[in-house]
Amino acid sequence: MLWEALGSVLIGLAVASAGVRWLPGRLPASPLVYATGPVAALFGFLITRTVAGPGHALVSLTGALVVAAALLSLLVRRPGRMRRSAAA
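Only a predicted model underlies this, so the values are computations on that prediction, with no experimental measurement involved.

A.B. asks: Which parts of the structure should I look at to understand the overall build of the chain?
C.D. replies: A tally of helices and strands in the chain yields 3 helices and 0 strands. The helix and strand sequence of the chain, counted from the amino end, reads α-α-α. Here the chain holds 88 residues, and the buried ones make up 27% of them. Considering only contacts within the chain whose residues lie at least 6 apart along the sequence, 68% involve residues at least 24 apart. As displayed, the chain has an accessible area near 6,000 Å², and 71% of this comes from carbon and sulfur atoms.

As structure tokens, this is what we get:
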């Protein structure tokens, strides 16, 4: 299980770096994205492993990929969106 968890963290880092590379202006600060990716992938791995059970490593890593991509997609902002200042 340790190697699978490490693999899910690496999947999360890969998804985060792909997001930072392909959507640089639409994501918040890079440290937030690089922290969210692995944590989301590890969470997705643990949830999928709990549901599928041990012995389904590929299914668990796929769940890690899906959850990491879904949670990182929540950080994406619309293009051209104006921010309001606190004084307005």
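Structure shown, so let's carry the discussion forward.
A.B. asks: Teacher, can you tell me more about helix H2 (residues 30-52) here?
C.D. replies: Each α-helix turn comprises 3.6 residues. Residues three or four places apart therefore point the same way. Along its 23 residues, H2 runs 33 Å from first to last C-alpha, staying within 8% of the 33 Å computed at 1.5 Å per residue. The complete set of buried residues in H2 reads Val33, Gly37, Pro38, Ala40, Ala41, Gly44, Phe45, Thr48 and Arg49. If you follow the buried residues of H2, they end up packed against helix H1 (2-22) and helix H3 (57-73). Two residues or fewer after H2 comes Gly53, characterised by a positive phi angle close to 90 degrees.

A.B. asks: Sorry if this is basic, but what is going on with the environment of Leu32 here?
C.D. replies: One can find Leu32 in helix H2. Leu32 gets classed as partly exposed once you look at its relative accessible area, which sits at 42%.

A.B. asks: What am I meant to see in the packing of H1 against H3 here?
C.D. replies: Contact geometry of H1 with H3 gives a least axis separation of 9 Å together with a crossing angle of 30 degrees. Between H1 and H3 the crossing geometry is right-handed. Counted together, Glu4, Gly7, Ser8, Ile11, Gly12, Val15 and Ala16 of H1 and Ala57, Leu61, Ala64, Leu65, Ala68, Ala69 and Leu72 of H3 form the full contact between these two elements. For the contact of H1 with H3, a count of residues per class yields 10 nonpolar, 3 polar and 1 charged.

A.B. asks: So what exactly am I meant to see when it comes to the side chain of Thr48 here?
C.D. replies: With respect to the helices, strands and loops of the structure, Thr48 is situated in helix H2. Filtering out sequence-adjacent residues up to four positions away, Thr48 remains in contact with Gly53, Val59, Ser60, Gly63 and Ala64.

A.B. asks: I would appreciate a short explanation of the pattern of salt bridges in the present structure.
C.D. replies: Opposite charge on two side chains makes pairing possible when the charged atoms of those side chains draw close. Enumeration according to the criterion identifies 1 salt bridge in this entry. The closest approach of N and O atoms between Arg49 and Glu4, which form a salt bridge, is 2.9 Å. Note that Arg49 is positioned in helix H2 and Glu4 in helix H1, a separation of 45 residues in sequence. By the burial criterion, Arg49 is buried, and Glu4 matches it.

Parameters at a glance
- Residues numbered from 1 in each chain as written.
- Predicted model: local features only at pLDDT ≥ 70, side-chain atom pairs only at ≥ 80, totals over all residues.
- Heavy atoms only, no water.
- Helix = DSSP H or I, 4+ residues; strand = E, 2+ residues; numbered from the N terminus.
- Buried < 20%, exposed > 50% of the residue type's maximum accessible area, 1.4 Å probe, protein only.
- Contact = heavy atoms within 4.5 Å.
- Areas by Shrake-Rupley, 256 points an atom, 1.4 Å probe, with all protein chains shown as cover.
- Expected span 1.5 Å × (residues − 1).
- Axes fitted to C-alpha atoms, helices over the stretch in contact; angles between N-to-C directions.
- Left-handed = near helix turned anticlockwise from the far one by under 90°.
- Nonpolar A, V, L, I, M, F, W, Y, C, P; charged D, E, K, R; others polar.
- Salt bridge = Lys/Arg side-chain N within 4 Å of Asp/Glu carboxyl O.

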